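Okay, here's what each chain looks like letter by letter:
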Amino acid sequence: MAFVQSFPREPLHEAVKPLARGSAPSDNTLNSPSTLQNLTMRLTQDDRGINFVIRSFSESQVTVNDRQLERSFLLTPDALEAEVPIDDLETLATEGESWLLRDDPEVVIVGTGERTRMGPAALSASLMRQGIGIEYMDTAAALRTYTVLASELRRVSLLVLL
């Protein structure tokens, strides 16, 4: 969940008046409501309407919202495809491109399990020619990266191979 910072309504140099040389600040100057109000940082929950949130994961499953996924899946900020027929990098080479491009992503992240494994070079080259980045990561890193990019409203697709 992201938070947004609110800035003072007026510049800080106008909110806090300088003191004359040698004088001490009075309690009234530092504690005046206008000074404190202008120096207060307010944090508000940033609800950007993200439909799918990764709640937890283990080596054999990922929880998205309240749904436990134990098979490979494709996740975008707007859709969850829980029944993806790609469960290894070999299948990704032959059937992956049509699945990965479903939501017109600008970047694709592939979670490859406990450790990072490189995917098919031909698929990577094809996506790059179309201006789409692709990254292969261990699943834990892929889930974290997806969460950050989705919270920034980036067009990102996440394929997790389970």
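Rules behind the numbers
- Residues numbered from 1 in each chain as written.
- Predicted model: local features only at pLDDT ≥ 70, side-chain atom pairs only at ≥ 80, totals over all residues.
- Heavy atoms only, no water.
- Phe/Tyr/Trp six-rings, centres within 6.5 Å; stacked < 30°, edge-to-face > 60°.
- Lys NZ or Arg CZ within 6 Å of the ring centre and 35° of its normal.
- Buried < 20%, exposed > 50% of the residue type's maximum accessible area, 1.4 Å probe, protein only.
- Helix = DSSP H or I, 4+ residues; strand = E, 2+ residues; numbered from the N terminus.
- Pairing = 2+ DSSP bridges.
- Expected span 1.5 Å × (residues − 1).
- Arc of directions from axis to C-beta.
- Contact = heavy atoms within 4.5 Å.
- Polar contact = N/O pair within 3.5 Å; in protein donor to acceptor, adjacent residues only side chain to side chain.
- Core = buried A, V, L, I, M, F, W, Y, C linked by side-chain atoms within 4.5 Å.
- Axes fitted to C-alpha atoms, helices over the stretch in contact; angles between N-to-C directions.

A. Seen up close, the packing of aromatic side chains. Inspection of every chain in the model, using the stated rule, returns zero aromatic pairs. The ring of Trp99 carries Arg102 above its face, with NZ or CZ at 3.7 Å from the centroid.

B. Inspection of the pairing of strand S10 (residues 156-160) at higher detail. Burial analysis of S10 places five of its five residues in the buried class, which makes it a mostly covered element. By the alternation rule, side chains of S10 split into Val156, Leu158 and Val160 and Ser157 and Leu159, which are all buried. Bridging between strand S6 (residues 73-75) and S10 involves three bridges; their strand directions are antiparallel. Looking at S10, one finds that Leu75 is bridged to Leu158. Both strand S8 (residues 107-111) and S10 contribute to a ladder of five bridges, which runs parallel. If you follow Val108 over to S10, its bridge partner there is Ser157.

C. View of helix H4 (residues 89-100). An ideal rise of 1.5 Å per residue puts 16 Å on 12 residues; H4 reaches only 13 Å between its terminal C-alpha atoms. Buried within H4 we find Leu89, Thr91, Leu92, Gly96, Trp99 and Leu100. An end-on view of H4 places all buried positions within 100° of arc, on one side of the element. Opposite its buried face, H4 presents the exposed residues Thr94 and Ser98, each directed more than 90 degrees away. Among the structural elements, S6, strand S7 (80-81), S8, helix H5 (121-129), strand S9 (133-137) and S10 are those in contact with the buried residues of H4. The N-cap residue of H4 is Asp88: its side-chain oxygen and the backbone nitrogen of Glu90 are 3.3 Å apart.

D. Focus on the nonpolar core. Counting 21 residues, the largest nonpolar core has Ile54, Val64, Phe73, Leu75, Ile109, Tyr146 and Leu158 as its most contacted members. Elements with a minimum of two residues in this core: strand S4 (62-64), S6, S8, helix H6 (139-151) and S10. For this core, the element with the most residues is H6, which contributes six residues. Beyond its immediate stretch of four places on either side in the chain, Leu75 contacts Phe52, Ile54, Val64, Leu80, Tyr146, Val156, Ser157 and Leu158. The next biggest cluster of nonpolar side chains, apart from the first, holds 16 residues, and it includes Ile86, Leu127, Tyr136 and Leu159.

E. Inspection of the sheet that holds S8 at higher detail. Read from one edge to the other, the open sheet built from five strands follows the order S7-S6-S10-S8-S9, with strand pairing classed as mixed. What marks the edges here is a single partner per strand, and that holds for S7 and S9.

F. Structural context of the sheet that holds strand S3 (residues 54-57). Here three strands make up an open sheet; going across it, the order is S3-S4-S5 and the pairing antiparallel. Each edge of the open sheet is held by one strand with a lone partner, namely S3 and strand S5 (67-69). Across the sheet, the mean angle separating the axes of adjacent strands is 25° when strand polarity is ignored.

G. Structural detail: unusual backbone geometry. Even without being glycine, Asp104 reaches a positive phi, approximately 50°. By the secondary structure assignment, Asp104 is in the loop between H4 and S8. Here Leu153, not a glycine, exhibits a phi torsion of approximately 60°, which is positive. Topologically, Leu153 is positioned in the loop between H6 and S10. On the basis of relative accessibility, which here comes to 54%, the residue Leu153 falls in the exposed class.

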